[in-house]
Amino acid sequence: MNGYKRVTAQDRLQISLLSKRGLNQTEVAAKLGFHRSTVSRELRRNKGGRGYRPKQAESKALERQAWRSTSRKMVPEMRRTVRKLLQKQWSPEQISKRLSFEGRESVSHETIYRFIYVDTLEGGKLFRNLRFSHRRRKPRFPRAANDRRGQIQDAKSIEERGAGANNRSRFGHWEM
């Protein structure tokens, strides 16, 4: 129980058998090496009209997994709209704001940039419609280790400050 463990089809079969034998969720979890909340969630999510059945539970889990991996915002209609606006030299930020202003399904500008990047990898030319197509855009996260945005250039250590900095008799030498 010391690490993440995904419930497999064999685990589902054992959960079903142990539950039918009369073991409670905590006992089932202890026997299989899961946390009790994992077993509870498994039984709750995958229970059907006739109770918990392992084959039905496996198919429901696979459906959920397939649903998570599909794109729900950049559907073909949205791709066509984004392509058309990019060809009119609109920036991804403008496209994002315009779609949300019109009350349509909103897509973030980061998603649009990702769409352009994937198109470029596939040999597409959408990147040429960006305003600064010659400059490679840096993603916002994660930042590189040598990124110094928001830091003071040529900053000196507090030990290296002058002797006058400790003089707090005047208004400008102390913090309020």
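Worth saying up front: this structure is predicted, and the values here are computed from it rather than measured.

1. Considerations on the overall build of the protein chain
- When its secondary structure is counted, the protein chain shows seven helices and two strands.
- When burial is assessed residue by residue, the protein chain has 23% of its 176 residues classed as buried.
- Within the protein chain, contacts between residues separated by at least 24 positions form 45% of all contacts whose residues are at least 6 apart in sequence.
- As displayed, the protein chain offers around 14100 Å² of accessible surface, 51% of which is attributable to carbon and sulfur atoms.

2. What about the side chain of E42?
- Along the polypeptide, E42 turns up in helix 3 (residues 36-45).
- The class of E42 is buried, set by a relative accessible area of 6%.
- Once residues lying within four places of it in the same chain are set aside, the contact partners of E42 are V7, R12, I15, Y52 and A57.

3. Section: the packing of helix 1 (residues 9-20) against helix 4 (residues 54-69)
- Running from N to C, helix 1 and helix 4 point in directions that differ by 140°, and their axes come no closer than 9 Å. Taken as axis vectors, helix 1 and helix 4 run oblique relative to one another. Relative to helix 4, helix 1 is oriented so that their crossing is right-handed. Where helix 1 approaches helix 4, its residues A9, R12, L13 and S16 are matched on the opposing element by P54, A57, E58 and A61.
- Classifying every residue of the contact of helix 1 with helix 4 by side-chain character gives five nonpolar, one polar and two charged.

4. Section: unusual backbone geometry
- Even without a glycine there, the phi angle at Q89 is positive, about 70°.
- As for its position among the elements, Q89 is in the loop between helix 5 (76-87) and helix 6 (92-101).

5. Digging into a nonpolar patch on the surface
- Judged by side-chain polarity, Y117, V118 and L121 come together as a nonpolar surface patch covering roughly 310 Å² of accessible area.
- Mapped onto the fold, V118 is located in helix 7 (residues 109-121).

6. Observations concerning the nonpolar core
- With 14 residues, the main nonpolar core has M74, M78, V82, L86, I95, I112 and I116 as its most contacted residues.
- If you list the elements that add at least two residues to this core, you get helix 5, helix 6 and helix 7.

Cut-off values and rules
Residues numbered from 1 in each chain as written. Predicted model: local features only at pLDDT ≥ 70, side-chain atom pairs only at ≥ 80, totals over all residues. Heavy atoms only, no water. Helix = DSSP H or I, 4+ residues; strand = E, 2+ residues; numbered from the N terminus. Buried < 20%, exposed > 50% of the residue type's maximum accessible area, 1.4 Å probe, protein only. Contact = heavy atoms within 4.5 Å. Areas by Shrake-Rupley, 256 points an atom, 1.4 Å probe, with all protein chains shown as cover. Axes fitted to C-alpha atoms, helices over the stretch in contact; angles between N-to-C directions. Parallel < 35°, antiparallel > 145°, perpendicular 65-115°, else oblique. Left-handed = near helix turned anticlockwise from the far one by under 90°. Nonpolar A, V, L, I, M, F, W, Y, C, P; charged D, E, K, R; others polar. Patch = residues over 30% accessible without salt bridge, like charges linked within 9 Å, V, L, I, M, F, W, Y side chains within 5 Å. Salt bridge = Lys/Arg side-chain N within 4 Å of Asp/Glu carboxyl O. Core = buried A, V, L, I, M, F, W, Y, C linked by side-chain atoms within 4.5 Å.

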